[in-house]
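What follows is the residue order along each chain.
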Amino acid sequence: MSLQFKATIIDIGTLANESLEENMLILFNQSAPEDVKEYCFIHDQGIDAGVISTQSTLLIAENDFIVTAVGSAANQNLANLGHITIKFDGQLEPEQPGTVHVIGNCPRSINIGEKIIFG
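None of the values given here were measured: they were computed from a predicted structure.

A.B. asks: Before we move on, could you go through the pairing of strand E2 (residues 24–29) and cite the residues and values that matter?
C.D. replies: Burial runs high along E2: six of the six residues are buried. In E2, alternate side chains face the same way, and those of Met24, Ile26 and Phe28 on one face and Leu25, Leu27 and Asn29 on the other are all buried. Where E2 meets strand E3 (residues 41–43), three bridges bridge the pair, whose relative direction is parallel. Within the sheet, the bridge partner assigned to Phe28 lies in E3 and is Ile42.

Quick look at the structure:
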């Protein structure tokens, strides 16, 4: 597995876990605007070393997910802002330009210190 992105969760917005209930995870680095920060899992930007594609796998806290679709702006947004939305619905076509879709059950919680890895 070649590493494409790796970051550590450093903060969790007050409403971020509600997005997990809707089978999505919203990531942003520390540059998140205040008006959206409360909905996001904030990460340290970590390592951005490649392009996420449908050949990629997502690893969150020892759980792995197969990437099924990548929006046209997802890689650029992740590299520049640390921002993407991950939807756990297995769709084969991206719903939005900044969305990555994966197969698997959405985690019920994500904690500070956990890693988000695409490879």
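A.B. asks: Explain the nonpolar core to me, using residue names and the numbers behind them.
C.D. replies: In summary, soluble globular proteins display a tendency toward joint burial of nonpolar side chains. Judged by nonpolar contacts, the single largest core of 24 residues is most densely connected at Leu25, Ile86 and Phe118. Considering each element in turn, this core owes the most residues, three residues, to strand E1 (residues 5–12). Once you skip the residues sitting within four places of it in the chain, Phe118 turns out to touch Ser2, Leu3, Gln4, Phe5, Ile52, Thr57, Leu58, Val67, Ile84, Ile86 and Val100. Ranked by size, the runner-up nonpolar core spans five residues in total, among them Ile26, Ala32, Cys40 and Ile42.

A.B. asks: Please set out the packing of aromatic side chains residue by residue, giving values where relevant.
C.D. replies: Enumeration according to the criterion identifies one aromatic pair in this entry. Residues Phe65 and Phe88 carry aromatic rings whose centres are separated by 5.1 Å and whose planes lie at 75° to one another, so their mutual orientation is edge-to-face. Pair noted here: Phe65 is in strand E6 (residues 63–70) and Phe88 is in the loop between strand E7 (84–87) and strand E8 (99–103), with a separation of 23 residues, a long-range link. As far as the burial class goes, Phe65 and Phe88 line up, both buried.

Definitions and limits used
Residues numbered from 1 in each chain as written. Predicted model: local features only at pLDDT ≥ 70, side-chain atom pairs only at ≥ 80, totals over all residues. Heavy atoms only, no water. Buried < 20%, exposed > 50% of the residue type's maximum accessible area, 1.4 Å probe, protein only. Helix = DSSP H or I, 4+ residues; strand = E, 2+ residues; numbered from the N terminus. Pairing = 2+ DSSP bridges. Core = buried A, V, L, I, M, F, W, Y, C linked by side-chain atoms within 4.5 Å. Contact = heavy atoms within 4.5 Å. Phe/Tyr/Trp six-rings, centres within 6.5 Å; stacked < 30°, edge-to-face > 60°.

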